[in-house]
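Each chain, written out:
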Amino acid sequence: MALYSEKVMEHFRNPHNMGKLDDADGIGEVGNAKCGDIMRMYIKVDDEGVITDCKFNTFGCGSAIATSSMATDLIIGKPIEEALKLSNKAVVEALDGLPVHKIHCSVLAEQAVRAAVKDYYDRRGVAYNPEDFRFPEEDEHGHVIEG
Ligand code: FES
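Residues numbered from 1 in each chain as written. Predicted model: local features only at pLDDT ≥ 70, side-chain atom pairs only at ≥ 80, totals over all residues. Heavy atoms only, no water.

Student: Would you mind going over the pattern of salt bridges with me for this structure?
Tutor: A side chain with one charge can pair with a side chain of the opposite charge if their charged atoms come near. The tally for this structure, following the rule as stated, stands at nine salt bridges. The residue Lys44 makes a salt bridge to Asp23 at a minimum N-O spacing of 3.8 Å. Of this pair, Lys44 sits in strand β2 (residues 38-45) while Asp23 sits in the loop between α1 (6-13) and β1 (26-32), and the two are 21 residues apart along the sequence. Classification of Lys44 as partly exposed rests on a relative accessible area of 23%. With relative accessibility at 47%, the residue Asp23 sits in the partly exposed group. (Salt bridge = Lys/Arg side-chain N within 4 Å of Asp/Glu carboxyl O. Helix = DSSP H or I, 4+ residues; strand = E, 2+ residues; numbered from the N terminus. Buried < 20%, exposed > 50% of the residue type's maximum accessible area, 1.4 Å probe, protein only.)

Student: Where do I start with the packing of α1 against helix α2 (residues 62-75) in this structure?
Tutor: Any two packed helices are characterised by the angle at which their axes cross and by the distance between the axes. At a minimum axis separation of 8 Å, α1 and α2 run at an interaxial angle of 90°. By the angle between their directions, the pair α1 and α2 is classed as roughly perpendicular. Facing Lys7, Val8, His11 and Phe12 of α1, the residues of α2 in contact are Gly62, Ile65, Ala66, Ser69, Met70 and Asp73. Residues belonging to the contact of α1 with α2 are distributed by class as follows: five nonpolar, three polar and two charged. (Axes fitted to C-alpha atoms, helices over the stretch in contact; angles between N-to-C directions. Parallel < 35°, antiparallel > 145°, perpendicular 65-115°, else oblique. Contact = heavy atoms within 4.5 Å. Nonpolar A, V, L, I, M, F, W, Y, C, P; charged D, E, K, R; others polar.)

Student: Would you mind going over the packing of α2 against helix α5 (residues 103-124) with me for this structure?
Tutor: Relative orientation of the contacting elements α2 and α5 amounts to 40°, with a least axis distance of 8 Å. Classified by the interaxial angle, the pair formed by α2 and α5 is oblique. Viewed along their axes, α2 and α5 form a crossing whose handedness is right-handed. On α5, the residues that touch Ser63, Ala64, Thr67, Ser68, Ala71 and Ile75 of α2 are Cys105, Ser106, Ala109 and Val113. Counted by class, the contact of α2 with α5 contains six nonpolar, four polar and no charged residues. (Left-handed = near helix turned anticlockwise from the far one by under 90°.)

Student: Teacher, can you tell me more about the nonpolar core here?
Tutor: Burial of nonpolar side chains together is a common tendency in soluble globular proteins. Ranked by size, the top nonpolar core spans 36 residues in total, and within it Met41, Ile43, Ile51, Ile75, Ile80, Val113 and Val117 carry the most contacts. Not counting chain neighbours up to four residues away, the residues in contact with Ile80 comprise Ile43, Val45, Gly49, Ile51, Val117, Tyr120 and Tyr121. (Core = buried A, V, L, I, M, F, W, Y, C linked by side-chain atoms within 4.5 Å.)

Student: Just to check I follow, could you spell out the packing of aromatic side chains for this structure?
Tutor: Any pair of aromatic rings gets described here by the distance separating the centres and the angle formed by the planes. Overall, the coordinates contain four aromatic pairs when judged by the stated rule. Pairing Tyr121 with Phe133 gives two aromatic rings, centres 6.2 Å apart and planes at 85°, and the pair type is edge-to-face. On the criterion of sequence distance, the pair formed by Tyr121 in helix α5 and Phe133 in the loop between α5 and β4 (143-145) is long-range, its members being 12 residues apart. On the basis of relative accessibility, which here comes to 6%, the residue Phe133 falls in the buried class. (Phe/Tyr/Trp six-rings, centres within 6.5 Å; stacked < 30°, edge-to-face > 60°.)

Student: What exactly am I supposed to notice about the side chain of Thr72 here?
Tutor: Mapped onto the fold, Thr72 is located in helix α2. Thr72 gets classed as buried once you look at its relative accessible area, which sits at 0%. Those residues in contact with Thr72 that lie beyond four places of it in its chain are His16, Asn17, Met41, Cys54, Lys55 and Phe56.

If you want it as structure tokens, here you go:
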């Protein structure tokens, strides 16, 4: 069996929504201390609280690129609260799986989305439960949240 699913390869070769949003309403940046990969997620949110656009920049491995790409697909058109609930597991499932040693890359995608939502809430002065954004300095996957 191939190491990577067809979907992972597809998103790696032709990532969706790659780039930057100059007028983003929220920007999240996370990094992995161990591999040094960095992911930046930009979201645009309308007055109804729906994510109308999302772009990402990932300086990292192929799985980090594929999971960022899939994460953007999964949250565009969704209410911001739903983006907050996006789990790395949902991203992996949507990609038809990832090798076990690459699961941590999907955690980076989940954290980048959450960091962008937090930034959006902070900019708008929206009250939120800090527990939803309490990232450990370094979790069991070796991911560190910056900013
Ligand atoms: Fe760094 Fe994939 S190896 S995120």
